[in-house]
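Below, each chain spelled out in residue letters.
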Amino acid sequence: AEVDELTELTKPESTVSVGIGHVSRDNQRFGQYTGLNENGTYGLVDLDFVQRDETTGTWLRLNGRNLGFDDRELRLEHERQGDWGYFIDFSQTPRFDPYTVTTTLSGIGTTTQTVGGSATAQQYHLKTERDALTLGFNKELSDNLGLQVRFRNEEKDGERLWGQGTFGTWRFLTDPIDQTTRQIDATLSYTTRNLQLTGGYYGTAFDNSNNVLNVPGCAIFTGCDQMGLPPDNESHQLHLAGGYDFTKTTRGTFKVAVGRITQNEAFATTPTAGAPGSLDGRIDTTLVQAGLTARPMSKLTLRADLRYDDRDDKTPVFTYFPLAGVSGSTTDGTNEPRDIKTISGKFEASYLLPMAFRLTGGVDYVEKTRNSPPVRSVSFRETTDETSLRTELRRSISETVTGAVSFIHSNRGGSDWLLNPLYISGATGSNQVAPLHLADRDRDLWRLTLNWMPTNPLSVSLRLDQARDEYSGRGISVVDQAVREGRAENYSLDASYSFTDEMQGTAWYSVNDTSLESVQCRAGAADACTPGTQQVWGSNVRNLADSFGLGLRAALTSKIELSADLSHSKVRDEMELSSIAGAAVSPLDNINTKVTSLNLSVKYALQRNAGMRVMYIYDRYRTDDWTWANWNYSPADGGTTVLQEPTQKVSFVGVSYYYRWW
Amino acid sequence: EEAKPAADQAEAKAAPKDMVLKGDAVCTQCHDETEVYPVLAIGKTRHGVMADKNTPTCTTCHGESKSHLNIPKGEKDRPKPERLFGMRPTIPAELQVERYFGLFGKNTSTPVAERNAPCLECHNGGERIHWVGSAHEAGDVACTSCHQIHTTHDRARDKHAQTEMCFACHKEQRAQMNRPSRHPIKEGKVACSDCHNPHGSAGPKLLVRDNVNDTCYQCHMEKRGPFVRTHEPVQEDCSICHNPHGATNPSLLKLRSPFLCQSCHEPTSHHSTVPEDGVAGGLNPSTAQAVIMARGCTNCHTQIHGSNNPTDGTGRGFRR
């Protein structure tokens, strides 16, 4: 039915779109998360139904997206605005593994898998799928009090690339997945002009239908015939958060939460004699956060925040893995509960200068404390602390130029390093590596952002950032090992131009360059790395990416709209190896990846509220990743291969009819 | 010209009628359906529901703007309204090209705090409790930098469109999203707001949960444990090893095996093995090649996130 112009402009509209699309060839990347991974025809069905009762403010919405694809979504929502509402939401997410597996493994997808069990190798495309159903309800109980409840149930099924191995023998397996994840979040909110509180319960549960993978006949290492699978676990948390405006210029916020995580799944394999039947794992968590923002003078703003996050692992300790006689072991055979406590704080002052410039200075502090197991396999320190000093000059109020330049310097240190005692003998094990997340580190970060609108139709945006990390080692051996220096540089330039009111274009270009330099000593267990005695080698692992995008939107005539987007990424992974002392080191080839995507869409209006849409997508993926291509599992495995096509070019053409109504 | 009937003259002089919102006539008598910019589209949105007593009017957000309504004496041009949220000209929001850029509402001389104030009058509780003091608030991000008000389709609230809007500032993440190992962000199945609350939170990095791991566990709860065999960095912070925004390394790893593992593990036994060239080296996997080819170190250490198998024959190693 014809609608008047005012209705079209002011009333919510509904749309339905129906059509077909065709994928030109089988592929592993283009349709990885949509299900458009096979040559063939697919239905294009989208729906956005909206009905509003003006007298009561009641909405009814039914939204369906990609209903003809494997990543379909459907949502029903019904609400009386400002009073009550509920929704049901269904979302399906496939994930097709990007590799083609050819194997004689039998039992894929089940909990009993036999290596070499099939006479002839068969081809598989492994897949997982998540089906999520979310239910929600909200009710305004009074002018100030609101209730909100969300429940989400997600089923994840399928199989995933997996395996097992020991020196010289590697076998292909699949991880059989049949898992359910549930979350419920119920909150009660109290809101007035000055005080806001929200508190409630957040509960989660993970349920795995498979608790062990049986591998009959496996003897490559002790016990390899039974691979453990993730156990059921659950969590419960009570939380309260709030904000209060002490004055018009001073506001405080807080959050307090206490929780418990438990894991009491019966062991799938028989434990040591005398051991409990389950871990009886329990972790208690506590979060306390408080923030204060104040403007004591019209030009000065102060912000402060303190946070305490404690994970107290109360899981009982038992010697599950008796190691009698293994004097050099780096474990005493017990499970190792992990306590982690994080205390963080920040303070910043920001002052408004002339010409709308704002100068900000701040300090951030993070301290982490961990418990240390009695026997250790890596260098360990119980406490790390990091202090960051930052300053920024920003101009954010201008009709032509806005931007900021900032600098952050961080310094991470920590408590004394703990020596690694070996089991039984108590002798000192290796202590040469300062782990990446525990090592002393100096970090400098520069950042520049600039938004410039030189003329009304042209906008330009520039962003540059450069970070450099310097790590300190243990300082015990002659050569400090593991990570030494990290760098990250990101440069982006964007531009947007309105050719006319009916035609606009965008362009962007980004360079991202990150690298990490490390040193390794091919040593034994001794606490020394002596050039001339041990081989010392270095690596510089670098990831360099160039990306660009182009976009165009145009109303070519009153009936034809054009949309075009092109994006391209070229990524190079370099693994530069070098010999520092001792034997030469073979080079590793780079891995190059290119991803290109062209997306064209033309909409033709047959009438004011209906028309056709034609779309074309061209997707190209190229890689010379050799890490699977040159890999062969052990002969006993039956010669499984895991491969992806190095060049994948896919086209998608679709045509659909749309209809809008009010 | 023939004189109009008295009744018609009276109607012509009558006050203009509201078109969408209560009292909007003072604005819509000029900003009506003839305007190219769809001011009236506010009626399609939740802000256009008159049955809801909380619905604002034009002046709630834009201010009384008396000088805009009645040009002061001596002024040549009409002054702007009291509060402007963006001067993006005449093009309807639905047609604006913002896929890569997203400068929306920035080019206005109205201070950010003034722009945000009318929004915060109502939207100050629930998930926005921590807005004041958050990184976005401190960084002068306006509500209208992200949200589109006069349109039925606010891209910030659409999982399929939201990410491009965030990438307007977070350009590094835009590039990472196109890497081979990634979440289904391009497909709209995972959005920035699944992990981050842009309005502020009690967690780090504006995370929706209280820390990194609790946020990841929303979808990856099988990694939570606790396990009989736990891997310390796994329990501490997923982002020690993973970059959730995308990577060329498998499983969103920040570094490829063995380099990632070697950044913590002592050089005893085989841990500091030099990965040999797998391309020229042929097809017989040696230990050296196994640390970098296929699943790398996890070719053997399968259960790297932890294992609940209480009968590990070797006592450690996450192998079963």
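Our subject is the structure that appears above.
**Q** Could you give an account of the sheet that holds strand β7 (residues 122–124) of chain A, with specific residues and numbers?
**A** Residues and elements named next belong to chain A. The strand order β7-β6-β30 describes an open sheet built from 3 strands, whose pairing is antiparallel. Both outer strands of the open sheet, β7 and β30 (641–643), are each paired with one neighbouring strand and no more. Averaged over all pairs of adjacent strands, the angle between strand axes in this sheet comes to 20 degrees, irrespective of strand direction. Where strand β6 (residues 100–103) and β7 come together, 3 bridges link them in antiparallel fashion. What sits directly across from Thr-102, in β7, is Gln-123.

**Q** Outline the state of the cysteines, supporting the account with residue identities and numerical values.
**A** A complete count under the given rule lists 2 disulfides over all chains for this structure. The disulfide that involves Cys218(A) links it to Cys224(A), with 2.1 Å between the sulfurs. Here Cys218(A) and Cys224(A) share a disulfide; its torsion about the S-S bond, -110 degrees, makes the bridge left-handed. Here Cys218(A) falls in the buried class, since its relative accessible area comes to 10%. Assessed through its relative accessible area of 0%, Cys224(A) is described here as buried. Residue pairing for Cys521(A): its cysteine sulfur links by disulfide to Cys529(A), the two sulfurs lying 2.0 Å apart. Measuring handedness by torsion sign, the sulfur bridge of Cys521(A) and Cys529(A) sits at about 100 degrees and is right-handed. Cys529(A) carries the same exposure label as Cys521(A), and that label is buried. Across chain A, the disulfide pattern expressed with sequentially numbered bonded cysteines is 1-2, 3-4. The closest cysteine sulfur to the non-disulfide-bonded Cys61(B) is located on Cys119(B), 6.2 Å from its own sulfur. Among the cysteines around Cys195(B), which has no disulfide bond, Cys216(B) carries the closest sulfur, lying 6.8 Å off.

**Q** Break down the pairing of strand β22 (residues 441–455) of chain A for me, with residues and values.
**A** Residues and elements named next belong to chain A. With 12 bridges joining them, strand β21 (residues 401–414) and β22 adopt antiparallel strand pairing. Looking at β22, one finds that Ser-410 is bridged to Arg-443. Pairing between β22 and strand β23 (residues 458–471): 13 bridges, direction antiparallel. Looking at the pairing, Trp-446 lines up with Gln-466 of β23. Hairpin connection, β22 to β23: the antiparallel pair is bridged by 2 residues.

**Q** Which residues make up the interface of chain B and chain A, and what are the values?
**A** Residue-level contacts link 133 residues of chain B with 194 residues of chain A. Together chain B and chain A conceal approximately 13,900 Å² of surface at their shared face, both sides included; 54% is due to carbon and sulfur atoms. Seen at the junction of chain B and chain A, the total is 15 salt bridges. For the interface between chain B and chain A, the tally reads 72 residue pairs in polar contact (both at pLDDT 80 or more). Broken down by secondary-structure element, the contributors of at least two residues to the side of chain B that touches chain A are α5 (112–122), α6 (135–138), α9 (171–176), α12 (232–236), α13 (259–262) and α14 (287–290) of chain B. Within the side of chain B that touches chain A, the residues separate by chemical class into 46 nonpolar, 49 polar and 38 charged.

**Q** Run through α5(B), naming residues and quoting values.
**A** Residue and element names in this part refer to chain B. Regarding α5, the residues found buried are Val-112, Arg-115, Asn-116, Pro-118 and Cys-119. The buried residues of α5 occupy an angular sector of 150 degrees when projected down its axis, which confines them to one face. The inward-facing, buried residues of α5 abut α3 (58–62) and α7 (143–146).

**Q** Break down the side chain of Thr215(B) for me, citing the residues and quoting the values.
**A** Residues and elements named next belong to chain B. With respect to the helices and strands, Thr-215 occurs in helix α11 (residues 212–217). With relative accessibility at 5%, the residue Thr-215 sits in the buried group. Thr-215 has contacts with Cys-195, Leu-207, Val-208 and Arg-209, leaving out every residue within four places of it along the chain.

**Q** Account for the packing of aromatic side chains, with residues named and values stated.
**A** For the structure on display, the rule yields 15 aromatic pairs over all chains. Taking the centre distance of 5.2 Å and the plane angle of 70 degrees together, the rings of Phe318(A) and Tyr320(A) count as edge-to-face. Owing to a relative accessible area of 25%, Phe318(A) belongs among the partly exposed residues under this scheme. Plain terms: the ring middles of Trp631(A) and Tyr633(A) are 5.6 Å apart, the flat faces sit at 80 degrees to each other, and that makes the pair edge-to-face. For the pair formed by Trp631(A) and Tyr633(A), the shared burial category is buried. Grouping aromatic residues by their ring pairs yields a cluster made of Trp170(A), Phe172(A), Trp631(A) and Tyr633(A). Lying across the ring of Trp508(A), Arg174(B) places its NZ or CZ 3.8 Å from the centre. Over the ring of Phe221(A) we find Arg319(B), and its NZ or CZ is 4.0 Å from the ring centre.

**Q** Describe the environment of Ser567(A), and please don't skip the residues or the numbers.
**A** All names here are of chain A. Of note, Ser-567 is situated in strand β27 (residues 560–581). Among the residues examined, Ser-567 registers a relative accessible area of 16% and is labelled buried. For Ser-567 and Gly-107, which are 460 residues apart along the polypeptide, the C-alpha to C-alpha distance reads 41 Å.

Thresholds applied
- Residues numbered from 1 in each chain as written.
- Chains lettered and ligands numbered in written order.
- Predicted model: local features only at pLDDT ≥ 70, side-chain atom pairs only at ≥ 80, totals over all residues.
- Heavy atoms only, no water.
- Pairing = 2+ DSSP bridges.
- Helix = DSSP H or I, 4+ residues; strand = E, 2+ residues; numbered from the N terminus.
- Axes fitted to C-alpha atoms, helices over the stretch in contact; angles between N-to-C directions.
- Disulfide = S-S within 2.5 Å.
- Buried < 20%, exposed > 50% of the residue type's maximum accessible area, 1.4 Å probe, protein only.
- Contact = heavy atoms within 4.5 Å.
- Buried area = accessible area lost by both parts, 1.4 Å probe.
- Salt bridge = Lys/Arg side-chain N within 4 Å of Asp/Glu carboxyl O.
- Polar contact = N/O pair within 3.5 Å; in protein donor to acceptor, adjacent residues only side chain to side chain.
- Nonpolar A, V, L, I, M, F, W, Y, C, P; charged D, E, K, R; others polar.
- Arc of directions from axis to C-beta.
- Phe/Tyr/Trp six-rings, centres within 6.5 Å; stacked < 30°, edge-to-face > 60°.
- Lys NZ or Arg CZ within 6 Å of the ring centre and 35° of its normal.

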